[in-house]
There are 8 protein chains.
Amino acid sequence: MEREQIYRLLCQVQSGEVSPDKAADSLKLEMEPEMQVGNYADIDLHREQRQGMPEVIYGEGKSAEQIAGIAAAMKKKDIPNIMITRLSQEKAELLHSYEGLDLEYEPVPHIGFVNRKDTEKKGKIAVVAAGTSDLPVAEEAAVTAETYGNYVERVYDVGVAGLHRLLHRLPALADANVVIAVAGMEGALVSVIGGLVRCPVIGVPTSVGYGANFGGLAALLSMLNSCASGVSIVNIDNGFGAGVLAAKINRQSVHE
Amino acid sequence: MEREQIYRLLCQVQSGEVSPDKAADSLKLEMEPEMQVGNYADIDLHREQRQGMPEVIYGEGKSAEQIAGIAAAMKKKDIPNIMITRLSQEKAELLHSYEGLDLEYEPVPHIGFVNRKDTEKKGKIAVVAAGTSDLPVAEEAAVTAETYGNYVERVYDVGVAGLHRLLHRLPALADANVVIAVAGMEGALVSVIGGLVRCPVIGVPTSVGYGANFGGLAALLSMLNSCASGVSIVNIDNGFGAGVLAAKINRQSVHE
Amino acid sequence: MEREQIYRLLCQVQSGEVSPDKAADSLKLEMEPEMQVGNYADIDLHREQRQGMPEVIYGEGKSAEQIAGIAAAMKKKDIPNIMITRLSQEKAELLHSYEGLDLEYEPVPHIGFVNRKDTEKKGKIAVVAAGTSDLPVAEEAAVTAETYGNYVERVYDVGVAGLHRLLHRLPALADANVVIAVAGMEGALVSVIGGLVRCPVIGVPTSVGYGANFGGLAALLSMLNSCASGVSIVNIDNGFGAGVLAAKINRQSVHE
Amino acid sequence: MEREQIYRLLCQVQSGEVSPDKAADSLKLEMEPEMQVGNYADIDLHREQRQGMPEVIYGEGKSAEQIAGIAAAMKKKDIPNIMITRLSQEKAELLHSYEGLDLEYEPVPHIGFVNRKDTEKKGKIAVVAAGTSDLPVAEEAAVTAETYGNYVERVYDVGVAGLHRLLHRLPALADANVVIAVAGMEGALVSVIGGLVRCPVIGVPTSVGYGANFGGLAALLSMLNSCASGVSIVNIDNGFGAGVLAAKINRQSVHE
Amino acid sequence: MEREQIYRLLCQVQSGEVSPDKAADSLKLEMEPEMQVGNYADIDLHREQRQGMPEVIYGEGKSAEQIAGIAAAMKKKDIPNIMITRLSQEKAELLHSYEGLDLEYEPVPHIGFVNRKDTEKKGKIAVVAAGTSDLPVAEEAAVTAETYGNYVERVYDVGVAGLHRLLHRLPALADANVVIAVAGMEGALVSVIGGLVRCPVIGVPTSVGYGANFGGLAALLSMLNSCASGVSIVNIDNGFGAGVLAAKINRQSVHE
Amino acid sequence: MEREQIYRLLCQVQSGEVSPDKAADSLKLEMEPEMQVGNYADIDLHREQRQGMPEVIYGEGKSAEQIAGIAAAMKKKDIPNIMITRLSQEKAELLHSYEGLDLEYEPVPHIGFVNRKDTEKKGKIAVVAAGTSDLPVAEEAAVTAETYGNYVERVYDVGVAGLHRLLHRLPALADANVVIAVAGMEGALVSVIGGLVRCPVIGVPTSVGYGANFGGLAALLSMLNSCASGVSIVNIDNGFGAGVLAAKINRQSVHE
Amino acid sequence: MEREQIYRLLCQVQSGEVSPDKAADSLKLEMEPEMQVGNYADIDLHREQRQGMPEVIYGEGKSAEQIAGIAAAMKKKDIPNIMITRLSQEKAELLHSYEGLDLEYEPVPHIGFVNRKDTEKKGKIAVVAAGTSDLPVAEEAAVTAETYGNYVERVYDVGVAGLHRLLHRLPALADANVVIAVAGMEGALVSVIGGLVRCPVIGVPTSVGYGANFGGLAALLSMLNSCASGVSIVNIDNGFGAGVLAAKINRQSVHE
Amino acid sequence: MEREQIYRLLCQVQSGEVSPDKAADSLKLEMEPEMQVGNYADIDLHREQRQGMPEVIYGEGKSAEQIAGIAAAMKKKDIPNIMITRLSQEKAELLHSYEGLDLEYEPVPHIGFVNRKDTEKKGKIAVVAAGTSDLPVAEEAAVTAETYGNYVERVYDVGVAGLHRLLHRLPALADANVVIAVAGMEGALVSVIGGLVRCPVIGVPTSVGYGANFGGLAALLSMLNSCASGVSIVNIDNGFGAGVLAAKINRQSVHE
């Protein structure tokens, strides 16, 4: 609540448009930087002010009941685009039965939305994926970035074993403000892209692979040791984190 | 060489100012995207066009002779600010004896410069370090970023064990376009900063620590698993990589 | 059995209230420091004398039948508050059907109780958890500490990504004799708390996370390398161990 | 500076005993919770108030010059018992040449002291070591605990391969408020002690060993998985951390 | 087939008791050191001659059909006590339906027997287990050793957290020719026993535990780094291997 | 499409046999080096020209629908022997219901074929497996090699614990152009074969084993450190990769 | 010694050209498949017959005296091109003083030669290296391959961060029978080459790098998980092994 | 001191041969199961009674002064064959200067002896080593076993890359009561021997190797996963431990 909004509210109280009681509620709400839900959650309400993006619900390890409780409390405050990441199909179905929640569910990236709103898109982020099996992670990054108001171009299945596929798509990367490169197995895609583009590259190792892949460790180490510079990394399968970071970089580029 | 430069050169040939022979040399040079040095190096001359930053010489594992050879070849092409990273004091001393190289050496970040030039600084990058022992890595990041034309503010020795030190310095982070957070041991600094600032944060784990630190692995894993979003990571002790990436992000922010 | 108890029993024998036969049984039982159950268990009956806390049944890897056998034997000796840790919902249901066992089951921390008694609470232990997903481990610590006669204050969902939540709750930590800090992902909570409180801090890494978390390894290494002093660690997800240790420290503080 | 001290100072100003100028300096100093030294350190001056123990200088990775700078600044504030841990013999010799520093050096635990003072000892901590090779770590713990005002009893070379040695020394452990158990190789000492004493046990794995010891990892994992409860762990070779934690536990036991 | 047996067979041929045709079959069979089963197995028939123990069927990763095929072929050669290790309950049930196989199944150690025979027992092996959860592995060792003709004494649930339990059972270990010590978690049992007995000790780490146990790695490293000498180790959960090795050592002790 | 084929097609256009429209389609198809399928795949159509072998579909992590889409698109271009590796029984059954796909499924190596054709076999590859449990991987190698036109001899269940079994089969290895050695557990088979044959040996570690096998890591490290030379390795369980490589080596040996 | 050679020798004995005594020595020598040197070595003299290449002396961990002893014994048998790999400069200097050994030393690949002979070169092997720091390993591969009679083309400093450098050199790879790809850091070079050439590719990870490189582990895992097929791997820094394997593959290609 | 010895001593007291004072000293000494040396060691004097072998001094991590102190104290009690393992050449030279210690030093296995005596040898142990570089570890095992009264046969440099060398030496293994197999690199020797002999096999992995050997981890995992049974393992480079264990097994075989 900006000073102007507060001032306007107080004028409305003065004029009798709004009762002191109701105004007090609104102001109290704004003053609280956090909100307790049950005995299990303590929502960070000022994260948007501090970080530019609202708190997100990490769906893994929480019960459907806990998720519903947190989301409902956030919705009540009219926080838009409440994201629930790593939400399994099973929990999503349970959440559909909670009245008033109106969950929308994206099955590929396993993201649920409550109070979803259209957002204006500014600036371009390219999301590049090495193989079809990397799509759930790539889509988590892409949908996250779109939710935070970025235009996203998807460049999928362009792994380095068939290098020309990537080279054909270079123009799509040329005008991006950030490239998110998603790859499992040996993750070489990141080094190759890092050597070809001017903008920052965020590598997302995925757990796609087997054997001495060790759940994505191979791609992770490969990307960390990239001989290309201008490259940084997020956790294995962390499409969400890449999407948020790309949004932050893009926001600066488009002078938001 | 931009089209305009070529045109101007050709005019000079026409006017007799420059001999065709010398002009041919210059043009040939520009057309070659790479240059062989001895049988051991193949310099990437178009990296600046492609990446916005010239090739850098990684000093580890190369002999002083090889480094001198590569640097001399680059200097001959008048590439400015040729950086030699991870250059030991010993090799730096050997390089000082190579005539015409005019090496400048920064002992804390172990960086050597050949053909160093002043660069205009635009936009601010904050380099934050947890402890005094992390300085070599933090300085590698800071000096790299300065070399690539960024204003750098250093915020050192503000580890989370004395949280108020960091909180006192928050204003210094507030107007940065990027924060580079350098920390060894448990690397918690990155998560705390990631939760407090709006701009992108680049975590640099250092190998400072002992025991179950495993050469920086503890800080690396800690940063990769950060509960704060908008955070990404480079390799352990890779101050250079963080500096380059920060420069790329900042460049977009200042509309270069 | 204290000397007084023995004396009273002997008086009862003298007076004929108790038969020598039955008294001999009781005394024999007390003299044995261990007790065989079936061919699979050898209960340590003197652990309370030696350690100040009775033996606890580790439920994982034991069949319901074995657990029931051990618990029944302990109950027969009137050992109060027999705890069965890491008891799955499935086994708990099987145990409910054992007559005379009267199992009470706490589903969040997966602890079963046999012969549960109220205990007087002395001194305060604070249990702090980073996120909602860490609750099973935090509750295991809290319930264990309560069972051993400590007052517990729960401070949940205060991870460092929203630092103010923790700072608001500092008063709750100020008068604790021990703080148990439970966190997954990067476990930075422990270092931050370790830098803010006077009392001993016990870190409990949890397996909450994914990717390069490696089942809690990231949080474990992070906590072990904490730059804050006065901090020690128990095994990943070992809420029980933290609860016991906190109880021992608290016991000394309140001069039990 | 307690209120009483401030009051007394102001009385001295009133009476002319102390000049307003000098008093202002003293008060200013006290009000600053931190102090910059050079551009490399930011000393946490309120750590004693917050933590009950002053900041300690971690000697590894700092130059002798930096250490001297920090220690001199702290000595100027008359902070007593300034400890420099992990201080090599070589750096200690360099520090001896800094005038006014008056370094005292303990070679076994590699600790330097500046402004060392006698402290009153209250309550007993037992430091137990498995073998002669573990002494540097055990002494680091012991000397730290003594510095913080605890009585320390050393029980050395009592590894479990000759169990009777430990059993003979049990009385020495019986009246301790905390036991610090230091062991390399397989670290079994911690489990055995954990099963025999009532008080809290702090395990310190050491890097003593070879082969599949992996720099102390074997002892670390062994201690973390201890089947005895009431046991917690600090980092490999972290005698200092164990000493601080033990001091904090003991302090509560003796009602400081 | 010993020379005497061959001689006897030939006499029977001479006397007409056995037809040359049938005798030829028997002799051919004996001369083949291996036997193909389907296209998936190549049974080592001379292992008993070479090793003193027949080939054993490792049940994991083989289909019930393959196991039945191999066992039937071995039974046809009248190899006694054909063991199938790591045989799941499900596969055992499938095998019960194979006619003529007459599988006997031990559910705790997951061992199946075909053509089981009584064997004379000579010399004593003690199998010691730290906890009830280690029983499947301990029983695999014990049943294996019994099958190979050794007397086995079981000493179960005597982990070092209650040391007196083990000390009470020392007499049972005193006259053993080998001790097999089975333990999960921190595996300290092996070092304690190794320091108390004269005979060889075989440590078997188990995967019992959680968190930083890493599937038995903690116990494995602990046992490998044992400060007691006269101790060696087999693979995690490899009760079978320990049983075979103990049998070989015991066989030499009793002058088989 | 070879030049001759193009020429023939154009003649057919001239003669009216083929309409210009249809011919244009065919030529267009040939000119595209890649083909988009849905938004999830980008098939590399020139891989055969570049690599000598067509693109293969990695079945893991793709939905049946995605696999069917890719396979159908490839079949439409009349690419023969379209292989789908790591195809589970469940997905194979779903694929059987896709009309026109005519999937053939090999259950042991988990390979599906679309548009399968007979291929002429030239040159010999020996596939050697240590145990029956290694067959799925060995068969993946063997079937792959056969599909690419190589004669394969299988030598199974010849692990080094019964060395004579391998020695008996040496003649089968003597005239092979490549040996693929497949082994789990300790993978010693590779070193032994490597010391006995003249031709290149490709080691395939399998994940067969338990305990400190760590999913095939033991065999992998063992093979990488082989004291025999002329040996190289592919990823754990990567029978397919070994088959392709062997085919490439064999192809050169038979002067294809 | 071929049959013909033996026959010729016997003819010489018959004719008196060679004394029976000397001939007996020669024949005896040939019949011995191994030769004892001191009590520390047992040279495999038939390795050339069996493997097509003579035994090589691994210089690490052997004293100069032991190396000299083995090399002298082999030279005495007139084995040509005795290679001593991983021979440090220091030991090479010691060996120069052994009379009659006539050591030749190649300092970059750290290989010593005794009894070096020119060999005819047939067929081409390409050795590709990512960076100047990888040269010692690349040269070990190249010199080994040359010693075994292969023509070697070196393509150095063509890492993927400047992809065009590699693309320019593709013609050099097109007619090779094998490519050896040597790379440290993230090792992406192998995947890129693997996707571009028809012939077998041998990846050699090097220990070049720092931080989360872990001594070459990053490159090793990256290469093992290569999405390109037709690729296999040798141990980290094992240029020798790659050279031998490439020689074996090439030998088949040129129908030796 | 046996009963008879005590009796004899008392007779001497009675007869005046020995003064009561001196006899008391002797008896007191015998009654103490341990002996303090300085404040750094607590010698286990009854280890021989309990374990059949005296305590051994582990030389690593102890100063020459500490070693001399312990050895002198043990020598004073006339303990024969006091072994100091892992004693560097440097410390051995320092110890030579301690008067009365009369250190004998074996440089290959790095063992020092004080009060060395000839021992009778009974029963045979074979020590087999894969390569010349493994000799220090093999000799540590061999010398240890000889010191404890066993006949040792050395079979060196018989790695599996030249299998016939091992097969030629099989007779030397056939009559051994134990085989100690020492190997680095991939450690395949243990599996091959394990499949060929009847007696127990003790594997000793060595740290010989490079790259993905990880200091002996490759050989360790390989041996732990051996497909041969009757095999167990000691720590990497632990020749001493293998020697002790072999001595214990052999002692039982020869009915000591």
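For clarity, every value in this text was computed on a predicted model and none was experimentally measured.

Caption draft 1: Spotlight on the layout of surface pockets. There is about 1,500 Å³ of room inside the largest pocket. Lining the largest pocket are 37 residues; nearest its centre among them are Leu-217 of chain B, Leu-217 of chain D, Leu-217 of chain F, Leu-217 of chain G together with Leu-217 of chain H. Broken down by secondary-structure element, the contributors of at least two residues to the lining of the largest pocket are helix H10 (217–224) of chain A, helix H10 (217–224) of chain B, helix H10 (217–224) of chain C, helix H10 (217–224) of chain D, helix H10 (217–224) of chain E, helix H10 (217–224) of chain F, helix H10 (217–224) of chain G together with helix H10 (217–224) of chain H. Its residues assigned to classes, the lining of the largest pocket comprises 35 nonpolar, two polar and no charged.

Caption draft 2: Here's a closer look at the interface of chain C and chain D. At the junction of the two partners, chain C supplies 33 residues and chain D supplies 33 residues. Buried surface at the junction of chain C and chain D, both sides included, amounts to about 2,900 Å², of which 46% is carbon and sulfur. When the buried area of chain C at its contact with chain D is split by residue, Arg-198, Leu-224 and Gln-252 of chain C rank highest and sum to 23% of it. Run the count over chain C and chain D and you get zero salt bridges. Looking at the side of chain C that touches chain D, the elements with two or more residues in it are helix H3 (47–51), H10, strand E11 (231–233) and helix H11 (239–253) of chain C. Here the side of chain C that touches chain D takes eight residues from H11 of chain C, the largest share from any one element.

Caption draft 3: Expanded view of the relation of the copies chain A and chain B. The operation relating chain A to chain B is a screw motion whose rotation component is 180 degrees, with 0.0 Å of axial translation and a residual RMSD of 0.2 Å. Put plainly, the chains are arranged around a two-fold axis. Here 100% of the interface residues in chain A have copies in chain B that are interface residues too; the copies meet face to matching face.

Caption draft 4: Broad picture of the relation of the copies chain C and chain D. Overlaying chain C on chain D yields an RMSD of 0.2 Å, the required transformation being a rotation through 180 degrees with an accompanying axial translation of 0.0 Å. Taken together, the interface assignments show that 100% of the residues at the interface of chain C recur at the interface of chain D, consistent with an identical surface on both copies.

Caption draft 5: The arrangement of the interface of chain A and chain B in detail. Tallying the contact residues gives 32 residues for chain A and 33 residues for chain B. Carbon and sulfur atoms make up 46% of the area that chain A and chain B hide from each other, which totals about 2,900 Å². If you sort the residues of chain A by the area they bury against chain B, Arg-198, Leu-224 and Gln-252 of chain A come out on top, with a joint share of 24%. In this structure, the connection of chain A to chain B is made through zero salt bridges. For the interface between chain A and chain B, the tally reads 10 residue pairs in polar contact (both at pLDDT 80 or more). Those elements that provide at least two residues to the side of chain A that touches chain B are helix H3 (47–51), H10, strand E11 (231–233) and helix H11 (239–253) of chain A.

Caption draft 6: A look at the confidence of the model for chain A. Averaged over every residue, the pLDDT of chain A is 88; the share at 70 or more is 90%. Taken together, the chains of this predicted complex give a pTM of 0.89 and an interface ipTM of 0.86.

Caption draft 7: Representation of the sheet that holds strand E5 (residues 104–106) of chain D. Residue and element names in this part refer to chain D. If you trace the four strands from one edge of the open sheet to the other, you get E3-E4-E6-E5, paired in mixed fashion. Two strands in the sheet have a free side with no partner beyond their single neighbour: strand E3 (57–58) and E5. Alignment of E5 against strand E6 (residues 111–114), held across three bridges, turns out to be antiparallel. Of the residues in E6, the one forming a bridge with Glu-106 is Ile-111.

Caption draft 8: Broad picture of the domain arrangement of chain A. Residues and elements named next belong to chain A. As far as domains go, chain A holds domain 1 (53–114) and domain 2 (122–255). A straight line from the C-alpha centre of domain 1 to that of domain 2 covers 26 Å. Counting residues at the interface gives 11 residues for domain 1 and 14 residues for domain 2. Note on domain 1 versus domain 2: buried area summed over both sides is about 1,100 Å², and carbon and sulfur give 74% of it. Applying the counting rule to domain 1 against domain 2 returns one residue pair in polar contact (both at pLDDT 80 or more). Elements supplying a minimum of two residues to the side of domain 1 that touches domain 2: strand E4 (82–85) and strand E6 (111–114).

Caption draft 9: Fine view of the packing of H10 of chain F against H10 of chain H. Two numbers describe how H10 of chain F lies on H10 of chain H: the axes approach to 8 Å, and their chain directions differ by 125 degrees. Taken as axis vectors, H10 of chain F and H10 of chain H run oblique relative to one another. For the crossing formed where H10 of chain F meets H10 of chain H, the hand is left-handed. Every residue of H10 of chain H that contacts H10 of chain F at Leu-217, Ala-218, Leu-221 and Ser-222 of chain F is listed here: Leu-217, Ala-218, Leu-221 and Ser-222 of chain H. Class assignment of the residues belonging to the contact of H10 of chain F with H10 of chain H gives a composition of six nonpolar, two polar and no charged.

The rules behind the values
- Residues numbered from 1 in each chain as written.
- Chains lettered and ligands numbered in written order.
- Predicted model: local features only at pLDDT ≥ 70, side-chain atom pairs only at ≥ 80, totals over all residues.
- Heavy atoms only, no water.
- 1 Å grid on protein atoms, 1.4 Å probe; cavity = no way out; pocket = protein on both sides within 12 Å on 5 of 7 lines; lining within 4 Å.
- Points joined across faces, edges and corners; volume = space filled by probe spheres on them.
- Helix = DSSP H or I, 4+ residues; strand = E, 2+ residues; numbered from the N terminus.
- Nonpolar A, V, L, I, M, F, W, Y, C, P; charged D, E, K, R; others polar.
- Contact = heavy atoms within 4.5 Å.
- Buried area = accessible area lost by both parts, 1.4 Å probe.
- Salt bridge = Lys/Arg side-chain N within 4 Å of Asp/Glu carboxyl O.
- Least-squares fit on C-alpha atoms with pLDDT ≥ 70 in both.
- Polar contact = N/O pair within 3.5 Å; in protein donor to acceptor, adjacent residues only side chain to side chain.
- pLDDT = per-residue confidence, 0-100.
- Pairing = 2+ DSSP bridges.
- Domains from an automatic or database assignment.
- Axes fitted to C-alpha atoms, helices over the stretch in contact; angles between N-to-C directions.
- Parallel < 35°, antiparallel > 145°, perpendicular 65-115°, else oblique.
- Left-handed = near helix turned anticlockwise from the far one by under 90°.

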